[in-house]
Amino acid sequence: FPSHDNAAGDGDSQHAWGRCRGGGVRMKRVLRRGTASGVGGEVYEWSTLSNGVRVATARLERVRSVCVALWAGVGGRHERGSECGVAHFLEHMLFKGTGRRSAKEISRAVESVGGYLNAFTTEDHTCFYAKAAAVRLERLLEVLSDMYVDPRLDARDVTREREVIHEEIASC
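Computed from a predicted model, the values in this text were never measured in an experiment.

Colleague: Talk me through the packing of helix H2 (residues 103-111) against helix H3 (residues 137-149); I want residue IDs and the actual numbers.
Modeller: Packing of H2 against H3 brings their axes to within 9 Å, and their N-to-C directions diverge by 160°. On the basis of their axis angle, the class for H2 and H3 is roughly antiparallel. Note that H2 runs across H3; the crossing there is left-handed. Counted together, Ile106, Ala109 and Val110 of H2 and Arg139, Leu140, Val143 and Met147 of H3 form the full contact between these two elements. For the contact of H2 with H3, the per-class residue count stands at six nonpolar, no polar and one charged.

Colleague: Which residues make up H3, and what values go with them?
Modeller: Compared with an ideal rise of 1.5 Å per residue, which puts 13 residues at 18 Å, H3 spans 18 Å between its outermost C-alpha atoms and is within 8% of the ideal. Taken residue by residue, H3 has Leu137, Leu140, Leu141, Glu142, Val143, Leu144, Ser145, Asp146 and Met147 as its buried positions.

Colleague: Help me get a handle on the nonpolar core, residues and values and all.
Modeller: Of all hydrophobic cores here, the largest spans 17 residues; its most connected members are Val68, Leu117, Leu140, Val143, Leu144 and Met147. Among the secondary structure elements, those contributing two or more residues to this core are strand S5 (65-72), H2, strand S6 (116-121), strand S7 (126-133) and H3. No other element matches H3, which puts six residues into this core. Each residue touching Leu117, except ones within four places of it in the same chain, is listed here: Phe95, Ile106, Val110, Tyr129, Ala130, Leu144 and Met147.

Colleague: Outline the sheet that holds S7, listing residues and values.
Modeller: Read across the sheet, three strands follow the order S5-S7-S6 without closing on themselves; strand pairing throughout is antiparallel. Each end of this open sheet is capped by a strand with a single partner; those strands are S5 and S6. Each neighbouring strand pair of the sheet contributes to a mean axis angle of 15°, computed without reference to strand direction. Note: S5 against S7, eight bridges, orientation antiparallel.

Colleague: Now, about the packing of aromatic side chains: what can you tell me, with residues and values included?
Modeller: Summed over the entire model, instances satisfying the criterion amount to five aromatic pairs. Geometrically, the ring pair formed by Tyr116 and Tyr129 is tilted, given 6.1 Å between the ring centres and 50° between the ring planes. You can see Tyr116 sitting in strand S6 and its partner Tyr129 sitting in strand S7, a full 13 residues away along the chain. On the basis of relative accessible area, Tyr129 is assigned to the buried category, the value being 15%. Here the aromatic residues Trp71, Tyr116, Phe120 and Tyr129 are joined through ring pairs into a cluster of three or more.

Colleague: So what's going on with the environment of Asp146? Residues and values would help.
Modeller: Counting through the fold element by element, Asp146 comes out in helix H3. Placed 49 residues apart in sequence, Asp146 and Gly97 show a C-alpha to C-alpha distance of 9.2 Å.

Colleague: Please set out the pattern of salt bridges residue by residue, giving values where relevant.
Modeller: A full pass over the atoms with the stated rule returns nine salt bridges. The salt bridge partner of Glu83 is Arg80, with a shortest N-O separation of 3.4 Å. Overall, the relative accessible area of 59% leaves Arg80 in the exposed class. Arg100 is the partner of Asp146 in a salt bridge, and the nearest nitrogen-oxygen pair spans 3.8 Å. Separated by 46 residues along the polypeptide, Asp146 in helix H3 and Arg100 in the loop between helix H1 (86-93) and H2 bring together distant segments of the chain. Taking relative accessible area as the criterion, Asp146 reaches 0% and is therefore assigned buried. Through salt bridges with shared partners, one network takes in Arg100, Arg101, Glu142 and Asp146.

Reading the values: rules and limits
Residues numbered from 1 in each chain as written. Predicted model: local features only at pLDDT ≥ 70, side-chain atom pairs only at ≥ 80, totals over all residues. Heavy atoms only, no water. Axes fitted to C-alpha atoms, helices over the stretch in contact; angles between N-to-C directions. Helix = DSSP H or I, 4+ residues; strand = E, 2+ residues; numbered from the N terminus. Parallel < 35°, antiparallel > 145°, perpendicular 65-115°, else oblique. Left-handed = near helix turned anticlockwise from the far one by under 90°. Contact = heavy atoms within 4.5 Å. Nonpolar A, V, L, I, M, F, W, Y, C, P; charged D, E, K, R; others polar. Expected span 1.5 Å × (residues − 1). Buried < 20%, exposed > 50% of the residue type's maximum accessible area, 1.4 Å probe, protein only. Core = buried A, V, L, I, M, F, W, Y, C linked by side-chain atoms within 4.5 Å. Pairing = 2+ DSSP bridges. Phe/Tyr/Trp six-rings, centres within 6.5 Å; stacked < 30°, edge-to-face > 60°. Salt bridge = Lys/Arg side-chain N within 4 Å of Asp/Glu carboxyl O.

Distances and angles like these do not, on their own, reveal function.
And the structure:
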């Protein structure tokens, strides 16, 4: 994770990247922070920004790439019978476009810099993530936050995606 002035992962930092609704990525004040150890001995740091967003980071000294993930605390377990599959459906819909980007522009914004963009839904969580060279952190944050905060939920996309989900279920 990039160092001192732009990462929650640095112990001396008092700021972390956050997204304001009306504009790009900007700094937010860190309210709380803590640490935890991973299975492989890596140290994870967590912070809570002034806007309520929780940020977890792990510094891997030999790696010059970054993986950014937005986790929503909702998955299949949180759905009633009539809502079965809604979290997974919405996961797919966030890739269809935003108020500023088409589906192709979302993909191109990450893949044109050698990055990777994907998502998954489990029983407990939905995760949207992007990976790229560490120098592309700001772009990854901007694209993911745009998808998450300003998704375009067009009726035509809903109809088309419903068929995609049906095909996925049928292939299991």
